[in-house]
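Here is how the chains run, residue by residue.
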Amino acid sequence: MYTHQQQQQQQHHLAPETWVVFKVPEGLGNLVTDHHQVHLLADGCGMVEEKGKIIRSLSLSWFAHLLTSKFDKEINGATSKSSDTVDATSQATSLDGIMGFGLELILTKLDHVDHQLRELREQMDGLQEKMVNVPFSHEKTPTASKHNALPFTSCRNASSSVSGVYLISASNATAPFKVYCEQELFGGGWIVVQHRFDGSVDFYQNWDQYRDGFGELDGEFWLGLERMHQLTSARAHEIIFEMKDMKGAYEYARYNAFKVGSESEKYKVKTLGSHSGTARDGMRRGEKFSTKDRDNDGSSEFHWAVHYEGAWWFSFFGGAANLNGRYSNNGGDKSIWWWNTNSNRGIYFTRMMIREL
């Protein structure tokens, strides 16, 4: 933008000339014609300044039209005053040059826009690839404030709608214990009983560890079969299984009734209810829990917990899920899998949650 003093100097000394100021792609430099000079502007505004008056341009095509019109007037004026020195051929040549100059500006700008669009597409492709590795907000349990109020009977009865660690009492006959409550997804009120998202905890554990639980509530963990038994025996519960594979596909299976038996019953699934959700039905009622040191699957040929290197409610034919298998992106029998769901891609996120009905 010219100052007032510069405008006065322009009027006084450079009145015959028209100064055109317009943003052009970086690297194009200052363009100079016989009577016009084009400068780069950082603010992106196109301006035509003539005799101290500033006219704002909205587009390169408008600018080219203005420039062409201006030069056409100059040529016509020059022709009328000096017909003996300017012939029709020179007029046509000058006009062609002006038109070519305006067209060149337009094409250059279009090339620049096309280059920016290509860069934007590349950035979007890169972001899409990165999003596969970016966890959902619920995949990693955030470090949350612990709620140390009197124990609640369930997460559904908790006094806060914020996800975090709460003290729960399954019944008057059992000691209270801490759980992680998911208070946002699927309507909230869920007790997280299993969570895996980075492979930091080894889930190939023995019977005692699966009975009592292991891991930390703000990381990967297994709440414990005994606590699941206490909760589901005291009140009716439902259960949901979440999973996400290495390519970012998310699915879940939900059952509207879930009850786990006692240790003497091998923590078998006593009630399961009906299935819903995007993942196939991968659970069976009546199956007992097996670990690497407790074979309760009913098969005389295989110890499925050892074969799959996990721990689960396996049946005599092996079962339909292995959410406590090895953390691996290769898929296969020993990895984390769910029947007919992402079995060949490798599952890197799983979460099991129960909620009081």
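Refer to the preceding data block for the structure.
Fair warning: this is a prediction, and the values are worked out from it, not measured in the lab.

Quick rundown of the overall build of the chain? Include the residues and the values.
Each helix and strand counted, the chain has six helices and 16 strands in total. Considering the chain as a whole, with its 357 residues, one finds that 42% of them fall into the buried category. In the chain, of all internal contacts separated by at least 6 residues, the share reaching a separation of at least 24 is 54%. With the model as given, the accessible surface of the chain reaches about 18700 Å², and the carbon-plus-sulfur share is 51%.

Account for empty space enclosed by the protein, with residues named and values stated.
Tallied over the full model, the rule gives two cavities of 30 Å³ or more. Taken as a whole, the largest cavity spans an internal volume of roughly 50 Å³. Lining the largest cavity we find Gly-282, Met-283, Arg-284, Glu-287, Trp-312, Trp-313, Ser-315, Gly-319 and Ala-320. Residues of the lining of the largest cavity, tallied by class, amount to four nonpolar, three polar and two charged.

A description of the state of the cysteines should follow, citing residues and the corresponding values.
With the rule as written, the count across this model stands at one disulfide. Put simply, Cys-155 and Cys-181 are joined by a disulfide, and their sulfur atoms are 1.9 Å apart. Taking the sign of the S-S torsion, -75° for the link of Cys-155 and Cys-181, the bridge is left-handed. Of this pair, Cys-155 sits in the loop between strand E6 (146–152) and strand E7 (164–168) while Cys-181 is found in strand E8 (residues 177–182), placing the two residues 26 residues apart along the sequence. A residue is classified by how much of its surface remains accessible, and Cys-155, at 1% relative accessible area, is buried. According to the relative accessible area criterion, Cys-181 is buried, its value standing at 0%.

Which residues make up the pattern of salt bridges, and what values go with them?
Any two side chains of opposite charge can pair, given that their charged atoms come close. The final tally for this structure, using the stated rule, is 13 salt bridges. Where Glu-242 meets Arg-351, a salt bridge forms, and the shortest distance between an N and an O atom there is 2.8 Å. One end of the pair, Glu-242, is in strand E12 (residues 237–245); the other, Arg-351, is in strand E16 (residues 347–356), with 109 residues separating them in the sequence. Accessibility expressed as a relative area gives 2% for Arg-351, which makes it buried. Salt-bridge contacts for Asp-281 lead to Arg-284; the nearest nitrogen and oxygen are separated by 3.7 Å.

Requested: an account of the pairing of E8, with residues and values cited.
Within E8, five of the six residues are buried, which leaves the element mostly enclosed by the surrounding structure. Two elements, E7 and E8, share five bridges in a ladder whose sense is antiparallel. Each bridged residue has a counterpart across the sheet, and for Leu-167 the counterpart in E8 is Lys-178. Relative to strand E9 (residues 190–196), E8 is paired through three bridges, and the arrangement is antiparallel. When the bridges of E9 are listed, Tyr-180 appears paired with Val-192.

Could you give an account of the nonpolar core, naming the residues involved and the relevant values?
Trp-222, Phe-241, Trp-312, Trp-313, Trp-338 and Met-352 are the most contacted members of the largest nonpolar core, which totals 57 residues. Dropping the residues within four chain positions of it, Phe-241 is found in contact with Glu-251, Tyr-252, Ala-253, Tyr-255, Met-283, Trp-312, Leu-323, Trp-338, Arg-351 and Met-352.

Could you give me a rundown of unusual backbone geometry, with the residues and numbers involved?
The backbone phi angle of Phe-186 is positive, close to 55°, even though this residue is not glycine. Considering the arrangement of structural elements, one finds Phe-186 in the loop between E8 and E9. One non-glycine residue, Glu-309, adopts positive backbone phi at about 55°. By secondary structure assignment, the location of Glu-309 is in the loop between helix H6 (304–308) and E16.

Definitions and limits used
Residues numbered from 1 in each chain as written. Predicted model: local features only at pLDDT ≥ 70, side-chain atom pairs only at ≥ 80, totals over all residues. Heavy atoms only, no water. Helix = DSSP H or I, 4+ residues; strand = E, 2+ residues; numbered from the N terminus. Buried < 20%, exposed > 50% of the residue type's maximum accessible area, 1.4 Å probe, protein only. Contact = heavy atoms within 4.5 Å. Areas by Shrake-Rupley, 256 points an atom, 1.4 Å probe, with all protein chains shown as cover. 1 Å grid on protein atoms, 1.4 Å probe; cavity = no way out; pocket = protein on both sides within 12 Å on 5 of 7 lines; lining within 4 Å. Points joined across faces, edges and corners; volume = space filled by probe spheres on them. Nonpolar A, V, L, I, M, F, W, Y, C, P; charged D, E, K, R; others polar. Disulfide = S-S within 2.5 Å. Salt bridge = Lys/Arg side-chain N within 4 Å of Asp/Glu carboxyl O. Pairing = 2+ DSSP bridges. Core = buried A, V, L, I, M, F, W, Y, C linked by side-chain atoms within 4.5 Å.

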